[in-house]
Amino acid sequence: MTRRTERPGLKLMLEIGPLVVFFLSFRFGGDLLALPAVARLIEPLTGAEALSGTSGPLFVATAFFMVAIVVSLAVSWWLTRHLPRMAVITAVLVAVFGGLTLWLQDETFIKMKPTMVYGAFAAVLGLGLMQGRSYLKYLMESAMPIDDAGWMIFTRRWALFFVAMAALNEAVWRSQTTELWVSFKTFGTLPLTFLFLACQFPLLKRHQVGER
């Protein structure tokens with residue numbers, strides 16, 4: 001099967017889209033629940049009593065987020081006939097923790113989802129490092145031609161970044177309001193990731209193959 005090329009801008013939209021859906025559906029969760037069609041769709045998952053409580057908007061956002069993740073993967077497959085491994089892992093964890101959030105009517109699970117995602121990525125990269133391997137190299141080598149030493153350093157930094165993001169997510173959701181956590185998840189994590197990547201440019205330049 002031939003893999004099609006996915007435009008960088010569209011790829012970014014597919015990654016950000018579900019987060020935007022999550023934020024907006026939380027922000028307007030009360031208005032959405034006032035729509036009989038939306039209430040009928042979500043009530044079987046959580047029960048009417050749970051939706052009428054203070055966690056109702058977050059339950060709505062969780063349900064919409066799960067659907068948006070699936071749509072994002074479907075569009076990505078339709079455009080490229082390929083699904084990125086990290087996106088699939090994230091979608092599985094969203095399904096598990098989102099499902100538990102709705103089924104058990106407990107917002108803790110969806111708040112812990114980013115922690116589990118970051119933790120899983122850090123664990124996988126850390127396992128590779130202990131084996132003397134860079135799993136990032138297998139995923140990104142064609143896009144970033146750097147030497148083996150650079151890949152090991154880059155992978156180590158990503159693993160530490162994921163650990164830091166997991167700890168930060170735990171600190172935010174456990175100490176702040178749900179509203180602030182949703183804003184942090186939507187508007188905080190991506191800029192932090194871009195900032196981390198920007199800080200890696202000197203490393204990538206220094207270890208770029210053919211540049212030294």
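Because the structure is predicted, anything quoted here is derived from the model rather than measured.

Another point: the overall build of the protein chain. Helix and strand counts for the protein chain come out as twelve helices and zero strands. Each helix and strand of the protein chain, ordered N terminal to C terminal, gives the series α-α-α-α-α-α-α-α-α-α-α-α. Once the C-alpha set of the protein chain is aligned to its principal axes, its extents read approximately 65 × 40 × 25 Å. Taking as baseline every contact in the protein chain between residues at least 6 positions apart, the subset at least 24 positions apart corresponds to 71%. Surface exposure of the protein chain reaches about 12,000 Å², of which carbon and sulfur atoms provide 68%. Taken together, the 19 basic and 13 acidic charged side chains of the protein chain have centroids lying 10 Å from each other.

For the rest of this paragraph, the subject is the packing of aromatic side chains. Geometry of an aromatic ring pair is reported as the spacing of the ring centres plus the angle between the planes. Taken as a whole and assessed by the stated rule, the structure comprises 13 aromatic pairs. Each ring, one from Trp158 and one from Phe196, has its centre 4.7 Å from the other, and the planes form 65°; the classification is edge-to-face. With a gap of 38 residues between them, Trp158 in helix α9 (residues 148–175) and Phe196 in helix α11 (residues 189–199) connect regions that are remote in the sequence. With respect to class, Trp158 is no different from Phe196; both count as buried.

The next subject is the nonpolar core. Judged by nonpolar contacts, the single largest core of 22 residues is most densely connected at Leu125, Leu136, Trp151, Phe154, Trp158, Phe161 and Phe162. Put simply, the parts of the chain that give this core at least two residues each are α6 (85–104), α7 (108–130), α9 and α12 (201–206). In terms of residue count, the dominant contributor to this core is α9 (eight residues). Ranked by size, the runner-up nonpolar core spans 17 residues in total, among them Phe23, Ala61, Trp181 and Val182.

The next subject is α7. Look at α7: 32 Å from first C-alpha to last across 23 residues, which is about the 33 Å you get at 1.5 Å a residue. Where α7 is concerned, the buried positions are Ile110, Lys111, Lys113, Pro114, Thr115, Val117, Tyr118, Phe121, Ala122, Leu125, Gly128 and Leu129. Those residues of α7 hidden inside the fold are in contact with α5 (56–80), α6, α8 (135–140), α9, α10 (178–187) and α11. Immediately downstream of α7, the backbone of Gly132 shows phi near 75°, a positive value.

Let us look at the environment of Leu24. Relative to the helices and strands, Leu24 resides in helix α1 (residues 8–27). A sequence separation of 162 residues divides Leu24 from Thr186, and the C-alpha atoms of the two residues are 9.8 Å apart.

Taken as a whole, the second largest pocket holds about 200 Å³ of empty space. Within the residue set of the lining of the second largest pocket, elements represented by two or more residues are α6, α7 and α8. Broken down by element, the residue count for the lining of the second largest pocket peaks at four residues, all from α8. Here the lining of the second largest pocket is composed, by residue class, of ten nonpolar, no polar and one charged.

Turning our eyes to something else, we now look at a nonpolar patch on the surface. There is a patch of nonpolar side chains on the surface, built from Trp77, Leu83, Val88, Val92 and Val96 and spanning about 380 Å² of accessible area. Considering each element in turn, the nonpolar patch owes the most residues, three residues, to α6. Among the secondary structure elements, Val88 is positioned in helix α6.

For the rest of this paragraph, the subject is unusual backbone geometry. At Gln105, a residue that is not glycine, the phi angle is positive and equals roughly 55°. You can see Gln105 is positioned in the loop between α6 and α7. For Gln105, a relative accessible area of 42% gives the class partly exposed.

About the criteria used
- Within every chain, residues take consecutive numbers counted from 1 along the sequence as written.
- Reporting of local features is limited, given that this is a predicted model, to residues whose pLDDT is at least 70; pairs of side-chain atoms are given and counted only at 80 or more, and all residues count toward the totals for whole chains, interfaces and linings.
- Excluded from the side-chain calculation are hydrogens and water; included are all heavy atoms of the structure.
- Counting from the N terminus, the helices are the DSSP runs of H or I reaching at least four residues and the strands are the DSSP runs of E reaching at least two.
- We call two residues in contact when some of their heavy atoms are within 4.5 Å.
- We get accessible surface area from the Shrake-Rupley algorithm with a probe of 1.4 Å; when it comes to residues, only the shown protein chains can shield them.
- The positive count covers Lys and Arg only, the negative count covers Asp and Glu only, and His and the chain ends enter neither.
- Here the site of a charge means NZ on Lys, CZ on Arg, CG on Asp, or CD on Glu.
- Here a Phe, Tyr or Trp ring, Trp counted by its six-membered ring, pairs with any other such ring whose centre lies within 6.5 Å, and the pair is stacked when the planes are under 30 degrees apart, edge-to-face when over 60, and tilted otherwise.
- Burial here depends on accessible area, computed with a 1.4 Å probe over protein chains only, as a share of the maximum for the residue type. Under 20% is buried, over 50% is exposed, and the range in between is partly exposed.
- Here, nonpolar core refers to any group of buried Ala, Val, Leu, Ile, Met, Phe, Trp, Tyr and Cys residues whose side-chain atoms link them within 4.5 Å.
- In a helix, the anticipated span is given by 1.5 Å times the number of residues less one.
- Here the term cavity refers to a set of points on a 1 Å grid, laid over the protein atoms alone, in which a 1.4 Å probe fits but cannot get out; the term pocket refers to an open set having protein on both sides within 12 Å along at least five of seven lines, with lining residues being those that place an atom within 4 Å of a point.
- Grid points are joined across faces, edges and corners, and a volume is the space filled by probe spheres set on the points.
- Three residue categories are used. Nonpolar comprises Ala, Val, Leu, Ile, Met, Phe, Trp, Tyr, Cys and Pro, charged comprises Asp, Glu, Lys and Arg, and polar comprises the others, including Gly.
- Like-charged residues are merged into a patch within 9 Å and nonpolar side chains (Val, Leu, Ile, Met, Phe, Trp, Tyr) within 5 Å, provided each residue has over 30% relative accessible area and no salt bridge.
- Salt bridge, as applied in this entry: a Lys or Arg side-chain nitrogen positioned within 4 Å of an Asp or Glu carboxyl oxygen.

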